[in-house]
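Spelled out, the chains give:
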Amino acid sequence: MSFSKMKKENDNLYISFPKEFSGKNIEKDTIEKVFSFSYKMTFGKEGIHRKHRSGGQHHRKNGEIFVNTFQGKLAEVLLYDFFKDKGIQISEPDFSISGFGIWDSYDFKIKDKLISVKSTKHYGNLLLLECKDWNEDAKYIPNNTEYSFFVLVRIEPDFENIMKKHRLLYLNECDEKTLKDLIFNTSWKGEITGFISNEDFKNMIIKEKYIIKQKEKLQGKTSMDVDNYYVQSGDLKDINLILKDL
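Counting from 1, residues in each chain are numbered in the order their sequence is written. In view of the model being predicted, local features appear only for residues whose pLDDT reaches at least 70, and side-chain atom pairs are presented and counted only at 80 or more, with totals across whole chains, interfaces and linings using the full set of residues. Side-chain measures here rest on the full set of heavy atoms in the structure, leaving out hydrogens and waters.

Draft legend 1. How the structure looks around the overall build of the protein chain. Helix and strand counts for the protein chain stand at five helices and 14 strands. Against the compact-globule benchmark of 18 Å for 246 residues, the protein chain has a radius of gyration of 17 Å, which places it among compact chains. Its C-alpha atoms give the protein chain principal-axis dimensions of roughly 50 × 45 × 35 Å. The rule is simple: take the accessible area with a 1.4 Å probe, protein chains only, and divide by the maximum for that residue type; under 20% is buried, over 50% is exposed, in between is partly exposed. Put simply, the protein chain has 246 residues, and 48% of those count as buried. Per element, the accessible surface of the protein chain, about 12,900 Å² overall, is 44% carbon and sulfur. By the counting scheme adopted, Arg and Lys are positive, Glu and Asp are negative, and His together with the chain ends is not counted. Charge positions come from single atoms, namely NZ of Lys, CZ of Arg, CG of Asp or CD of Glu. Distance between charge centres in the protein chain, computed from 40 positive and 38 negative side chains, equals 2 Å. Helix and strand assignments follow DSSP, with helices taken as H or I runs no shorter than four residues and strands as E runs no shorter than two, numbered in order from the N terminus. When we talk radius of gyration, it's over C-alpha atoms, and the globule rule is simply 2.2 Å times the number of residues to the 0.38. For accessible areas, the Shrake-Rupley method is used with a probe of radius 1.4 Å. Any residue's cover is judged against the shown protein chains and nothing else.

Draft legend 2. Highlighting the pairing of strand β5 (residues 113-121). Between any two strands, at least two bridges found by DSSP are needed for them to pair. Looking at chain direction, strand β4 (residues 108-110) and β5 are connected through three bridges and run antiparallel. The residue of β5 that forms the bridge with Ile110 is Lys113. Between β4 and β5, which pair antiparallel in sequence order, lie two residues; one of them, Lys111, sits at a positive phi of approximately 55°.

Draft legend 3. Layout of the side chain of Ser116. Following the sequence through the fold, Ser116 ends up in strand β5. Residue class for Ser116 comes out buried when judged on its relative accessible area of 5%.

Draft legend 4. Inspection of the packing of helix α1 (residues 28-41) against helix α4 (residues 176-184) at higher detail. The geometry of α1 relative to α4 is characterised by a closest axis approach of 11 Å and an angle of 150° between their N-to-C directions. When the interaxial angle is binned, α1 and α4 end up roughly antiparallel. Remark: the crossing between α1 and α4 carries right-handed chirality. Residues Lys28, Ile31, Glu32, Phe35 and Tyr39 of α1 form the contact with α4, whose own contacting residues are Glu176, Leu179, Lys180, Ile183 and Phe184. Under this grouping Gly is polar, as are all residues other than the nonpolar Ala, Val, Leu, Ile, Met, Phe, Trp, Tyr, Cys and Pro and the charged Asp, Glu, Lys and Arg. Each residue belonging to the contact of α1 with α4 can be placed in one class, and the counts come to six nonpolar, no polar and four charged. All axes are obtained by fitting lines to C-alpha atoms, using only the stretch in contact for helices, and the reported angles, taken between N-to-C directions, cover 0 to 180 degrees. Working definition: roughly parallel below 35 degrees, roughly antiparallel above 145 degrees, roughly perpendicular at 65 to 115 degrees, and oblique for all remaining angles. Each crossing gets its handedness from the near helix: less than a right angle anticlockwise from the far helix is left-handed, clockwise is right-handed. Note on definitions: a residue-residue contact is assigned when non-hydrogen atoms from the two residues lie within 4.5 Å.

Honestly, it's all geometry; don't read function into it.
Now the structure itself:
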């Protein structure tokens, strides 16, 4: 399988192979459970997430971490529900509250296959993997884990923009009711965009250096905080194809 490189102009990289978003409504009980977890892990101060990416220069506020946690956990639940609907035995999403330095070995396990879930906004078109987290053998350095598959899930709406409009994104303190009202006055949709295998990642993405570098600008606007391996959404395999390998 071949992958598409982004178009490069000076220090700008542009998407060349996008995929249109086609999300489905997310149930309210899922939103409730994910919200509770995300609040405890951030503003509730029961757990701690990394405030910066590997090699990154930007130190995130609790509002930013909350957005990332909420979006990421929604993505995990959507993929879990997909596999359960297909009758596949799969480990449940991890809702345990952990402190700094506690690394998940994987997002999901199906038999001997480990699955990593990545999330982005509904208009995002890249599966991104931070370069400093991976060695040349496609092993995740923080816990020396080899993932079998990497799945991208997209979430609508742009929660980061909503938080920014309400002046909540860059706060370290926020009461639970304010955030809960904001979230439950919003309609949420999700889409399992596609996946790549470990072999794809190792033999194509890493080997051929599909990299968007720190400070390069995506679409001429967004400056990258760290070096990232990338796969464009249009190159991702249909999620139903993963069933053949499971």
